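The chain contents come next:
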Amino acid sequence: MATILVTGGTGTLGRLVTERLRADGHEVRVLSRRTPPHAVDLRQGGVGLDAAVEGVDTVVHCATTQTGGDEKAAAHLIAAARRAGVRHLVYISIVGVDRVPFPYYRTKLAVERMVAESGLGWTVLRATQFHDLPVMVFRALARLPVVLLPAGVRDQPVEVAEVADRLAELARGAPAGRAADMGGPEIRTLESLARAYLRASGRRRAVLNVPLWGRTYRAFRGGGHLAPERAVGKGTFEEYLERQRG
């Protein structure tokens with residue numbers, strides 16, 4: 001059995017990856033900013049990070065932040081992994097990071113390149129967005145009497161537990177480079193997803209599609225973040241909503 005470090009191991013995805021790897025009998029270390037014994041801010045690095053990766057065979061890098069610093073965090077992690085002789089670095093990314101000029105996507109693409117050029121054995125899995133992201137957006141938008149949506153945009157949400165299964169599978173195996181993308185089972189308009197959320201939450205709101213502008217909007221409207229040929233997920237958005245309601 002391998003010794004595996006999961007960064008962001010208390011997060012939405014990392015927690016599930018950790019559970020699956022431990023169930024398989026692996027020794028799993030969880031690295032997060034606030035959870036001992038490996039409470040490390042990757043953006044800072046330091047001796048705590050070196051201690052976390054010492055003796056580790058594989059690192060699964062799930063840690064991320066919307067507030068910046070992912071590239072610095074990846075640089076610290078890669079340097080520590082090199083020093084420790086880590087065999088395999090697995091990174092979770094997002095479908096469309098090379099096609100949609102959204103700032104967070106650009107950062108994810110930059111980290112992908114750092115991983116590929118790290119000199120370590122590596123695997124990158126791109127997945128479409130998890131079900132909880134559109135729910136978070138719709139919850140915020142539904143505070144107003146009218147839910148305003150970007151016109152013509154579709155989405156392909158995927159069940160996070162299924163992504164965790166795949167990521168754990170990749171972590172158990174040999175470095176694979178760019179793994180096949182993983183998309184949710186359905187490509188849906190944002191309006192259909194929003195209406196499903198409103199029904200499930202018992203909210204009555206008008207829904208209005210609003211045309212926007214700019215390169216990022218055009219890329220999303222063109223489906224740059226979708227993977228129609230890799231609709232391998234099983235769990236639907238309505239099934240996710242039903243579980244949340246239950």
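Residues numbered from 1 in each chain as written. Predicted model: local features only at pLDDT ≥ 70, side-chain atom pairs only at ≥ 80, totals over all residues. Heavy atoms only, no water.

Engineer: For the side chain of R126, give the residues involved together with the corresponding values.
Structural biologist: In this structure, R126 sits in strand β5 (residues 121–127). We classify R126 as buried; its relative accessible area is 4%. At a separation of 3.2 Å, a polar atom in the side chain of R126 contacts the side chain of D98. Among the polar contacts listed, one links the side chain of R126 to the side chain of E112, at a separation of 2.8 Å. (Helix = DSSP H or I, 4+ residues; strand = E, 2+ residues; numbered from the N terminus. Buried < 20%, exposed > 50% of the residue type's maximum accessible area, 1.4 Å probe, protein only. Polar contact = N/O pair within 3.5 Å; in protein donor to acceptor, adjacent residues only side chain to side chain.)

Engineer: Got a sec to walk through helix α1 (residues 14–23)? Specific residues and values, please.
Structural biologist: Along α1, the positions that sit buried rather than exposed are G14, L16, V17, T18 and L21. The inward-facing, buried residues of α1 contact β1 (3–7), β2 (27–31), β3 (58–61) and α6 (160–172). Within two residues after α1, G25 carries a phi angle of roughly 95°, on the positive side. (Contact = heavy atoms within 4.5 Å.)

Engineer: Break down a nonpolar patch on the surface for me, citing the residues and quoting the values.
Structural biologist: On the surface, V146, L148 and L208 cluster together to form a nonpolar patch covering roughly 230 Å² of accessible area. Of note, V146 is situated in strand β6 (residues 146–150). (Patch = residues over 30% accessible without salt bridge, like charges linked within 9 Å, V, L, I, M, F, W, Y side chains within 5 Å. Areas by Shrake-Rupley, 256 points an atom, 1.4 Å probe, with all protein chains shown as cover. Salt bridge = Lys/Arg side-chain N within 4 Å of Asp/Glu carboxyl O.)

Engineer: I'd like a rundown of empty space enclosed by the protein, residues and numbers included.
Structural biologist: A complete count under the given rule lists one cavity of 30 Å³ or more for this structure. Here the largest cavity is characterised by a volume of approximately 40 Å³. As for the largest cavity, its lining consists of H131, P157, P185, E186, R188, G235, T236 and F237. Of the residues assigned to the lining of the largest cavity, the class counts are three nonpolar, three polar and two charged. (1 Å grid on protein atoms, 1.4 Å probe; cavity = no way out; pocket = protein on both sides within 12 Å on 5 of 7 lines; lining within 4 Å. Points joined across faces, edges and corners; volume = space filled by probe spheres on them. Nonpolar A, V, L, I, M, F, W, Y, C, P; charged D, E, K, R; others polar.)

Engineer: Kindly report on the sheet that holds β1, identifying the contributing residues and their values.
Structural biologist: With parallel pairing, six strands are arranged side by side in an open sheet as β2-β1-β3-β4-β5-β8. Every other strand in the sheet has two partners, leaving β2 and β8 (177–178) as the edge strands with one partner each. Pairing of β5 with β8 involves two bridges; the strand directions are parallel. Residue V124 lies in a different strand from β8, and its bridge partner there is R178. (Pairing = 2+ DSSP bridges.)

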